[in-house]
Every structure is written in structure tokens, then in C-alpha cells.
Amino acid sequence: MSASPHFIYHESPDHPGWMTWELNDPTRFNSLFGPFLLKVEGHMARVRMQPAHVHTNLSGRIHGGALLGFIDIALFAASRGFGLIEAGTAVTLDLSTQFIGAGSAESPLEAQVELLKETGRLLFLRGLIVQADSDERIAAFAGTIRKPSPKPSPIPSAIP
């Protein structure tokens, strides 16, 4: 099990082969969507959430804003699953999304995230949001994450 001050990351007891990824602080934005399930299969990370009524629009389908929030969080969960970041100060630089279907709150949504390239400071990712039970495509996306800056070394005091 690996934990940081901000996130809980451990094997899911209810979903063999999957990890649980969630915030320690349930009062933060991400908690509106989680806990998340995460499974890395080669170059693909699968991030799942169980939508609820709060994620729907007036048509009873998943709200576009909820999908965007899930996609943004999935970029970070996938990057954690790939072992490229921990948590904390990484940021989203850009996110491009194409909505291609209507999502249902009746079954899990899955972000299928692929790492395209890693540089010294950046992660380039893309993927699809699908309805987990049918693989029906809901959205396509691409995003860039800036990895956390290294913490500077303390400057020794000139006064003894």
C-alpha cells in the first residue's frame, strides 16, 4: 500500500486486480466523483467511477461538466498508476474533449487513458470515456500535465 498526505491508494478488496484511489479529505472537489478504481494494463490505465444522480443533467444523462471533471481527475489517477507522479502540485496545462455520446448514471464510467509521451516536466495523455458495461463511447480527450517541481534545497544560513 502506498499513501501520500492527500490520497489513499491501495488494492481494492471488492474488485480483484484493481486499485482504489481516493482523497483523504472528503470535503475536496475530487470526492464528488470518487472513490475511483484504477487498473494499469501495459500502456493503458483504466480509471472507473460510479456516477450518481448528482452527476446528471435535466435529461437524466451525465452532465458535460461532470465528464470534464472526471476526465481531469482520470489524467492524474492514470499518471499515478503509471508511477509517474505521486500527488500534490502537478497541474493540468490543457484538456481537449470531444463529446460523442450520452452517458448513463446506471453503470460505471471508465476513462481509458494512454500515455503518449513523458518529458522532464510534462506528460502527454489521451483517451476515451466509455460506459464500462457496454464500451459505448461517451467522449474522447487529450491532455497535458505538468509534473511537480522538485522542492528546492534549504539554503544554509550564513550566520553561525
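Residues numbered from 1 in each chain as written. Predicted model: local features only at pLDDT ≥ 70, side-chain atom pairs only at ≥ 80, totals over all residues. Heavy atoms only, no water.

**Some words on the pairing of strand 4 (residues 36–41)**
At step 1: Two strands pair when backbone bridges link them, and strand 4 and strand 5 (residues 44–49) are joined in this way by 5 bridges, in the antiparallel orientation. Its bridge partner being in strand 5, E41 is matched across the sheet by M44.
At step 2: Connecting strand 4 to the next strand, strand 5, in antiparallel fashion are 2 residues, including G42 with a positive phi near 65°. (Pairing = 2+ DSSP bridges. Helix = DSSP H or I, 4+ residues; strand = E, 2+ residues; numbered from the N terminus.)

**Examining the pattern of salt bridges**
Proximity of charged atoms lets side chains of opposite charge pair with each other.
At step 1: With the rule as written, the count across this model stands at 5 salt bridges.
At step 2: Residue R46 pairs with E110 through a salt bridge whose shortest N-O separation is 3.0 Å. On the criterion of sequence distance, the pair formed by R46 in strand 5 and E110 in strand 7 (residues 109–118) is long-range, its members being 64 residues apart. Like R46, the residue E110 is buried in the burial classification.
At step 3: In this structure, the salt-bridge partner of R48 is E110, at a minimum N-O distance of 2.5 Å. You can see R48 sitting in strand 5 and its partner E110 sitting in strand 7, a full 62 residues away along the chain.
At step 4: R48 gets classed as partly exposed once you look at its relative accessible area, which sits at 21%.
At step 5: By relative accessible area, E110 is classed as buried at 2%.
At step 6: Linked through salt bridges whose partners overlap, the residues forming this network are E41, R46, R48 and E110. (Salt bridge = Lys/Arg side-chain N within 4 Å of Asp/Glu carboxyl O. Buried < 20%, exposed > 50% of the residue type's maximum accessible area, 1.4 Å probe, protein only.)

As far as function goes, none of this settles anything; it's purely spatial.
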